[in-house]
Amino acid sequence: DCIARCENNPDCHAVAWNTRDEQCTLHPECVNPNGDPNFRKIIFPKKRTCPEDWKVIICPALSALCRNGDLVPDDDGFVTKQQTLDAFLRVGISRQVATDTTNGNFDHLTLNPPRLNIFEMNVVDAQSSTPAGDQTKIATEHFRSTGIRDADEPQEDLFSIFASKADTFDRWTSTELIEAIGQFDHEQNSDVLSNDVFEPARPMDCAPGDSGLPQCDSALYGSITNLLKEFGTPTGDAAQMVKTDMRRLWMAAQYPPDFAARSPRRCYDATAAAE
């Protein structure tokens, strides 16, 4: 009952059972109140689910698939490479982008089958350029990052900086998007800096003082431009997206209406409902 209470409380990540008075206490982290030896602490990974925890998924595309029920992790938060590829294709992501994205996220993993915890993809922090732990079992981050989704919830202040490049336009195109990304492609000498740096992914000719395309071309640019190409309308290099739709995709994991309308997921849903 004590653990069940914690499972139903989003702020609880540990429980303590007082053996003296049989009292259950919920905690946001592991603590031993006042050093009381009568407390027995139980620490367990809090089960994360998409309806509640989509906000901590650092990839906007995976977060949207998760929140909309198109990518369902197991009880430990893991998804497999094949499961993710199938989910991308199911919602209408092009096979090329779906394949490149899953290869980039899963092919370094030694787990069999390749799988990762989508709720724990933020493995690099601002103080470290290399994540702790076995890198063959955890996510690989981009070289540089906007940081918009690198916290417990999407960061409004960082998205506002990102979106400022489209302030005078009704729609996003690749031109405004490249400029928006470029604001965060800096490690020094800039008012806006990358949220973190994943040193193993540094482009060969990109020094800490360098930035921009083509010298510092990295997945920071590729992943976000693909987001527009796949979720925008029309698809591909000519893709555009209404500003409010881009905001909702990043900040609320909501599919753009035009994408949702053309997505083959509607056919899958209709088939499932008929069975």
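Just so it is clear, the model here is predicted, and its values are computed rather than measured.

Conventions adopted
Residues numbered from 1 in each chain as written. Predicted model: local features only at pLDDT ≥ 70, side-chain atom pairs only at ≥ 80, totals over all residues. Heavy atoms only, no water. Helix = DSSP H or I, 4+ residues; strand = E, 2+ residues; numbered from the N terminus. Buried < 20%, exposed > 50% of the residue type's maximum accessible area, 1.4 Å probe, protein only. Contact = heavy atoms within 4.5 Å. Arc of directions from axis to C-beta. 1 Å grid on protein atoms, 1.4 Å probe; cavity = no way out; pocket = protein on both sides within 12 Å on 5 of 7 lines; lining within 4 Å. Points joined across faces, edges and corners; volume = space filled by probe spheres on them. Salt bridge = Lys/Arg side-chain N within 4 Å of Asp/Glu carboxyl O. Disulfide = S-S within 2.5 Å. Core = buried A, V, L, I, M, F, W, Y, C linked by side-chain atoms within 4.5 Å.

Caption draft 1: Structural context of the overall build of the protein. Looking only at helices and strands, one finds eleven helices and seven strands in the protein. With 275 residues in all, the protein has 41% of them scored as buried. Taking contacts inside the protein between residues at least 6 apart in sequence as the whole, the part at least 24 apart equals 58%.

Caption draft 2: Structural context of helix α6 (residues 156-163). Within the span of α6, buried status applies to Leu-158, Phe-159, Phe-162 and Ala-163. Seen from one end, α6 has its buried residues packed into an arc of 135 degrees, which puts them on one side. Packing partners of the buried residues in α6 comprise β6 (171-172), α7 (174-182), α8 (219-231) and α9 (243-252).

Caption draft 3: Representation of empty space enclosed by the protein in the model. Inspection of the entire model under this criterion finds one cavity of 30 Å³ or more. Counted as a void, the largest cavity has a volume near 30 Å³. What lines the largest cavity is simply Leu-62, Val-79, Thr-84, Phe-88, Thr-101, Thr-102, Asn-105, Phe-106, Leu-116 and Ile-118. Mapped by element, the contributors of at least two residues to the lining of the largest cavity are α4 (81-91) and α5 (95-106).

Caption draft 4: Representation of the pattern of salt bridges. Counted according to the given criterion, the structure contains ten salt bridges. When the shortest N-O distance is used, the salt bridge between Lys-81 and Asp-107 registers 2.6 Å. Here Asp-107 lies in the loop between α5 and β5 (115-117) and Lys-81 lies in helix α4, a separation of 26 residues in the sequence. According to the relative accessible area criterion, Asp-107 is partly exposed, its value standing at 49%. A salt bridge links Asp-185 to Arg-144; the nearest nitrogen and oxygen atoms lie 2.7 Å apart.

Caption draft 5: The state of the cysteines, seen in detail. In the structure shown here, the tally under the stated rule is two disulfides. Between the sulfur atoms of Cys-50 and its disulfide mate Cys-66 the distance is 1.6 Å. Handedness here is read from the sign of the S-S torsion; for Cys-50 and Cys-66, about -100 degrees, the answer is left-handed. Placement of the pair is Cys-50 in helix α2 (residues 50-53) and Cys-66 in helix α3 (residues 60-67), with a sequence separation of 16 residues. Judged on exposure class, the residue Cys-50 and its partner Cys-66 are both buried. Between the sulfur atoms of Cys-206 and its disulfide partner Cys-216 the distance amounts to 2.0 Å.

Caption draft 6: Focus on the nonpolar core. Counting 53 residues, the largest nonpolar core has Ile-118, Phe-162, Phe-231 and Trp-250 as its most contacted members. Listed by contribution, the elements that provide at least two residues to this core are α3, α4, α5, α6, α7, α8 and α9. Top element by residues in this core is α8. It accounts for six residues. Setting aside its immediate chain neighbours within four residues, Phe-162 contacts Ile-148, Trp-172, Leu-177, Ala-180, Ile-181, Gln-183, Phe-184, Ile-224 and Trp-250. Membership of the second largest hydrophobic core comes to five residues, among which are Cys-2, Cys-6, Val-15 and Cys-24.

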